[in-house]
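Listed below, chain by chain, are the residues.
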Amino acid sequence: MTPTATAGHAGHADHGPLLTVRGLARSIGLRKLFAIDTLVIPRATAIVMTGMNGAGKTTLLRMLAGLEPAPGAVAQWTDAQGHAHSAALTPLPPALRRRIAYLHQHPYLFRTSVRENIAYGLRARGLPRHDIDLRVGEALGWAGVSHLQDTAPEYLSGGEIQRVALARAKVLEPELLLLDEPTSSLDGHAREQVIALVGDLAAEGRTVVMICHDRELINLPGVVRWKLGDGVLDTHHP
Ligand SMILES: Nc1ncnc2c1ncn2[C@@H]1O[C@H](COP(=O)(O)OP(=O)(O)OP(=O)(O)O)[C@@H](O)[C@H]1O
Ligand SMILES: [Mg+2]
């Protein structure tokens, strides 16, 4: 449950918000799903997004993750040196790609092993093998799945899959985690374990935006509430 030694605090509180996106809009045919003038995503904040089925929550998160086109949307951010940047959100600028992780509601795991799934992103970044082993070991322990490291993903329970997917995201040390209903298919202990991991990520100084209807997550201490409805995102929802 404790932040790992290598997990950098997402920091830079003096450099303004983590990310500002202007002109984030989506229409489906003639139907306007949402149009958001300015979306400010703060640093080191846990945010829950609620809204009716079909309001566009998943679409909004996927646009922020660069997984769906966001024509006309402009992203603004400040790097670790304090330099301001501005670029089209689509295609997602490489500097942001490294800082953002998205978790699908039903995460897809490669049909290798749990360990390989968690190591994948670090390998893609070309980290030395020793560093990969160390960080994967820490992530496995953090998510409580060390005993499953050699298991093939098809044998995992829903809760185990969510924890492996969270570990796979966390190991890349993103500043912004976008989670689509991380507890929706879970109950009992599995749900509580995932809620604890999400709380950890926020406590480490990362920003977590999660779509959710889970009262317990919505009531995590210090959580900010966003509500998407009628094409508008209310970022000061009580
Ligand atoms: N590629 C697409 N083509 C056509 N319609 C789409 C597409 N993607 C999303 N939609 C529609 O856009 C609307 C918003 O979908 P989205 O999945 O973002 O909603 P949501 O708020 O996440 O809903 P839920 O709570 O059910 O998950 C839905 O009516 C959906 O059918
Ligand atoms: Mg959805």
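Here is what the cut-offs are and how they apply
- Residues numbered from 1 in each chain as written.
- Chains lettered and ligands numbered in written order.
- Predicted model: local features only at pLDDT ≥ 70, side-chain atom pairs only at ≥ 80, totals over all residues.
- Heavy atoms only, no water.
- Near = heavy atom within 4 Å.
- Polar contact = N/O pair within 3.5 Å; in protein donor to acceptor, adjacent residues only side chain to side chain.
- Areas by Shrake-Rupley, 256 points an atom, 1.4 Å probe, with all protein chains shown as cover.
- Phe/Tyr/Trp six-rings, centres within 6.5 Å; stacked < 30°, edge-to-face > 60°.
- Helix = DSSP H or I, 4+ residues; strand = E, 2+ residues; numbered from the N terminus.
- Buried < 20%, exposed > 50% of the residue type's maximum accessible area, 1.4 Å probe, protein only.
- Axes fitted to C-alpha atoms, helices over the stretch in contact; angles between N-to-C directions.
- Parallel < 35°, antiparallel > 145°, perpendicular 65-115°, else oblique.
- Left-handed = near helix turned anticlockwise from the far one by under 90°.
- Contact = heavy atoms within 4.5 Å.
- Nonpolar A, V, L, I, M, F, W, Y, C, P; charged D, E, K, R; others polar.

In the nomenclature of an unreviewed UniProt entry, the protein corresponds to Tungstate transport system ATP-binding protein from the organism Cupriavidus alkaliphilus.

K.L.:
Give a description of the site of ligand 1 that names residues and reports values.
P.N.:
Inspection of the region around ligand 1 gives Ile 28, Arg 31, Leu 33, Met 52, Asn 53, Gly 54, Ala 55, Gly 56, Lys 57, Thr 58, Thr 59 and Glu 181 as its neighbouring residues. In the environment of ligand 1, an oxygen atom lies 2.9 Å from a nitrogen or oxygen atom belonging to the side chain of Asn 53. The backbone of Gly 56 places a nitrogen or oxygen atom 2.9 Å from an oxygen atom of ligand 1. Protein contact buries 58% of the 640 Å² of open area that ligand 1 shows by itself.

K.L.:
An account of the packing of aromatic side chains is needed here, citing residue identities and associated values.
P.N.:
In this structure the tally under the stated criterion is two aromatic pairs. Ring geometry for Phe 110 and Tyr 120: centres 4.9 Å apart, planes at 50°, overall tilted. Of this pair, Phe 110 sits in the loop between strand E6 (100–103) and helix H3 (114–124) while Tyr 120 is found in helix H3, placing the two residues ten residues apart along the sequence. Phe 110 gets classed as partly exposed once you look at its relative accessible area, which sits at 31%. What makes Tyr 120 partly exposed here is its relative accessible area of 48%.

K.L.:
Before we move on, can you summarise the packing of H3 against helix H4 (residues 129–142) with the specific residues and values?
P.N.:
For the pair H3 and H4, the least separation of the axes is 10 Å and the interaxial angle reads 130°. Considering their axes alone, H3 and H4 lie oblique with respect to each other. Like other packed secondary-structure pairs, H3 and H4 cross with a definite hand, here right-handed. Residues Val 114, Arg 115, Ile 118, Ala 119, Leu 122 and Arg 123 of H3 pack against Ile 132, Asp 133, Arg 135, Val 136, Gly 137, Ala 139 and Leu 140 of H4. For the contact of H3 with H4, the class distribution of residues is eight nonpolar, one polar and four charged.

K.L.:
Lay out unusual backbone geometry in plain terms, naming residues and giving numbers.
P.N.:
A cis geometry characterises the amide bond from Thr 90 onward to Pro 91, with omega recorded as -10°. Tracing the chain through its elements places Pro 91 in the loop between strand E5 (84–88) and helix H2 (94–97). A positive phi angle is found at Ala 44, which is not glycine, with a value near 45°. Residue position: Ala 44 is located in the loop between strand E2 (31–41) and strand E3 (46–50). Overall, Ala 44 belongs to the partly exposed group, its relative accessible area being 47%. A positive phi is found at Glu 173, a non-glycine position, where the angle reads about 50°. Tracing the chain through its elements places Glu 173 in the loop between helix H5 (158–170) and strand E7 (176–180). By relative accessible area, which is 23% here, Glu 173 ends up partly exposed.

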